[in-house]
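A closer look at the structure
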Amino acid sequence: MGTCQSQPPRTEKVQPTTRLQPHLGTFVSITVFAGPEKAQVAINAAFEEFRAVDRLLSIHRNDSKLARANRDGAINRELNSVPSQVLQISNETKGAFDPTIRPLADLWGFIKKEGYRLPRPSELKSVLELVNYRKVALKNKRLEFGAKGMSIDPGGFGKGYAVDRAIDVLKKAGVKNAMVKAGGDLRVIGLPSGKKYWIVFIEDPNKKGDRLEVPLRSGALSTSGNYENFFIEKGKSYGHLLDPRTGHPIQGIGSCTLVAPTCMESDAYATAACVLGV
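Keep in mind it's a predicted model, so treat the numbers as computed, not measured. (Residues numbered from 1 in each chain as written. Predicted model: local features only at pLDDT ≥ 70, side-chain atom pairs only at ≥ 80, totals over all residues. Heavy atoms only, no water.)

**What to know about the layout of surface pockets**
For clarity, the cut-off: The pocket and cavity definitions rest on a 1 Å grid over protein atoms only: a 1.4 Å probe that fits but cannot leave marks a cavity, an open set with protein on both sides within 12 Å along at least five of seven lines marks a pocket, and residues lining either have an atom within 4 Å of a point. Grid points are joined across faces, edges and corners, and a volume is the space filled by probe spheres set on the points. Helix and strand definitions follow DSSP, with helices as H or I runs of at least four residues and strands as E runs of at least two, each counted in order from the N terminus. When residues are grouped by polarity, Ala, Val, Leu, Ile, Met, Phe, Trp, Tyr, Cys and Pro land in nonpolar, Asp, Glu, Lys and Arg in charged, and all others, Gly among them, in polar.
Its volume calculated, the largest pocket comes out at about 1,500 Å³. What lines the largest pocket is a set of 47 residues, and nearest its centre among them are Leu24, Lys113, Gly155, Lys159 and His240. Secondary structure elements with two or more residues in the lining of the largest pocket: α1 (36–57), α6 (158–172), β6 (185–189), β7 (198–202), β9 (219–225) and α7 (263–276). Here the lining of the largest pocket takes four residues from β9, the largest share from any one element. Here the lining of the largest pocket is composed, by residue class, of 22 nonpolar, 15 polar and ten charged.

The following block contains the structure:
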């Protein structure tokens, strides 16, 4: 009898180039294994994708393509595939991930991260009528909402989508080994030079410094949690991850980490996992 051991794919014998920039309300880091000049050109193009996604999806600017679609329903070519993918994930998770969550997030004060408050039951009941992905339809390249005041919020998928676009640009530039990370969302291609996997650190939701080390060989990984955007009222913590079924912040879950082929998927499914408690 004999045994065989696999070897990691050969990677370029070069030092990594890593750059960090603020985008989409978080810090984005891009690491590329390539020659210095090639790495810088590719990273510049990848960061430009984050700026493009801001122009496409931001709810904090009235001129974004998604803001316009939320107002008048028209979907342009660049935005075309996003709503259908998002609504498919909503359907698969039975609404645990719901991109129409914005009215609830506004009510609690989580969108602007100020004016936090506990809504009255009557307010929650009224706003919950505006939170239901089943009331969104795609017809003839138009978004149709079942009630006035509804909209698509990119908070649960936007950074993941931007990471995917950045990865695509790196591939087109001939980069074979790279990592793109935006906050808790990341995706890798290839492997670090001479390594069998990438090392990913999962933040401690209790903020005690006990980070979890995870090996990742391919695909995307996202972590969602309530430890960044939250407020405390009468000794109880209320975080920004809201259960679209009840209108209340989830409780008892520090964070959830998911892996998936794309970062848009891992981003959305991590949010759903927090809501479902799995």
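**What to know about a nonpolar patch on the surface**
To keep things clear, this is the line we draw: The residues that make up patches have over 30% relative accessible area and no salt bridge, and they are joined within 9 Å when like-charged or within 5 Å when they are Val, Leu, Ile, Met, Phe, Trp or Tyr. Residue burial considers only the protein chains on display, and all accessible areas are found by Shrake-Rupley using a 1.4 Å probe. Note on definitions: salt bridges are taken to be side-chain nitrogens of Lys or Arg within 4 Å of carboxyl oxygens of Asp or Glu. Under the scheme applied here, a residue whose accessible area is under 20% of the maximum for its type counts as buried, over 50% as exposed, and between as partly exposed, the area being computed with a 1.4 Å probe on protein chains only.
Together, Tyr197, Ile199 and Phe201 make up a nonpolar patch on the protein surface, roughly 260 Å² of accessible area in all. Residue classification places Phe201 among the partly exposed residues on the basis of a relative accessible area of 38%.

**Describing the packing of α6 against α7**
What counts is decided by this rule: Each axis is a line fitted through C-alpha atoms, and for a helix only the stretch in contact is used; angles between axes span 0 to 180 degrees, taken between their N-to-C directions. Orientation categories follow fixed angle ranges, with anything under 35 degrees roughly parallel, anything over 145 roughly antiparallel, 65 to 115 roughly perpendicular, and all other angles oblique. Here a crossing is taken to be left-handed if its near helix is turned anticlockwise relative to the far helix by less than a right angle, and right-handed if that turn runs clockwise. In what follows, residue pairs with any heavy atoms lying within 4.5 Å of each other are defined as contacts.
Between α6 and α7, whose axes approach to 7 Å, the crossing angle comes to 165°. Between α6 and α7, the angle is such that the two are roughly antiparallel. Crossing angle aside, the handedness with which α6 passes α7 is right-handed. Contacts between α6 and α7 involve Gly158, Lys159, Gly160, Tyr161, Val163 and Asp164 on the former and, on the latter, Cys263, Met264 and Asp267. Broken down by class, the residue content of the contact of α6 with α7 amounts to four nonpolar, two polar and three charged.

**With respect to the pairing of strand β5 (residues 178–182)**
Defined as follows: For two strands to count as paired, DSSP must find a minimum of two bridges between them.
Burial within β5 is extensive, with four of its five residues counted as buried. As defined by bridge partners, strand β2 (residues 26–33) adjoins β5 across five bridges and the pair is classed as antiparallel. Paired with Thr31 across the two strands is Met179, which belongs to β5. Judged from the five bridges that link them, β5 and β6 form a sheet pairing that is antiparallel. Bridge pairing in β6 links Ala178 to Ile189. The loop that links β5 with its antiparallel partner β6 comprises two residues; one of these, Gly183, has a positive phi angle of about 65°.

**Looking at the pattern of salt bridges**
Applying the stated rule across the entire model yields 14 salt bridges. Arg120 serves as the salt-bridge partner of Glu123, at 3.6 Å between the closest nitrogen and oxygen. Relative accessible area serves as the criterion here: at 15%, Glu123 is assigned to the buried category. Close ionic contact of Arg211 with Glu203 constitutes a salt bridge, the shortest N to O distance being 3.7 Å. Owing to a relative accessible area of 37%, Glu203 belongs among the partly exposed residues under this scheme. Look at the salt bridges and you will find they share partners, linking Glu48, Arg51 and Arg55 into a network.

**What about the pairing of β9?**
Burial within β9 is extensive, with seven of its seven residues counted as buried. Note: β6 against β9, four bridges, orientation antiparallel. Its bridge partner being in β9, Leu186 is matched across the sheet by Leu221. Two strands pair when backbone bridges link them, and β9 and strand β12 (residues 255–260) are joined in this way by six bridges, in the antiparallel orientation. Across the sheet, residue Thr223 finds its bridge partner in β12, namely Thr257.

**Here's the deal with unusual backbone geometry**
Only a minority of non-glycine residues have a phi that is not negative, and only a minority of peptide bonds are not trans. A positive phi angle is found at Leu24, which is not glycine, with a value near 55°. For Leu24, the position within the fold is in the loop between β1 (16–23) and β2. We classify Leu24 as partly exposed; its relative accessible area is 27%. Backbone geometry at Asn140 places phi at a positive 50°, although glycine is not the residue there. Tracing the backbone shows Asn140 in the loop between β3 (136–138) and β4 (143–145).

**Brief notes about the confidence of the model for the protein chain**
Short version of the rule: The predictor attaches a confidence to each residue, and that confidence, scored 0 to 100, is pLDDT.
Predicted confidence across the protein chain gives a mean pLDDT of 92, with 95% of residues reaching 70 or more. Residue range residues 1–5 is modelled with pLDDT below 50. Its contacts to residues more than four positions away, or to other chains, number zero contacts.

**Considerations on the environment of Thr246**
The condition is simple: We call two N or O atoms a polar contact when they sit within 3.5 Å, provided that within protein one can donate a hydrogen and the other can accept it, with sequence-adjacent residues counted only if both atoms are side-chain atoms.
Within the secondary structure, Thr246 sits in the loop between β11 (236–239) and β12. Within the structure, Thr246 has its side chain in polar contact with the backbone nitrogen of His248 (distance 3.2 Å).

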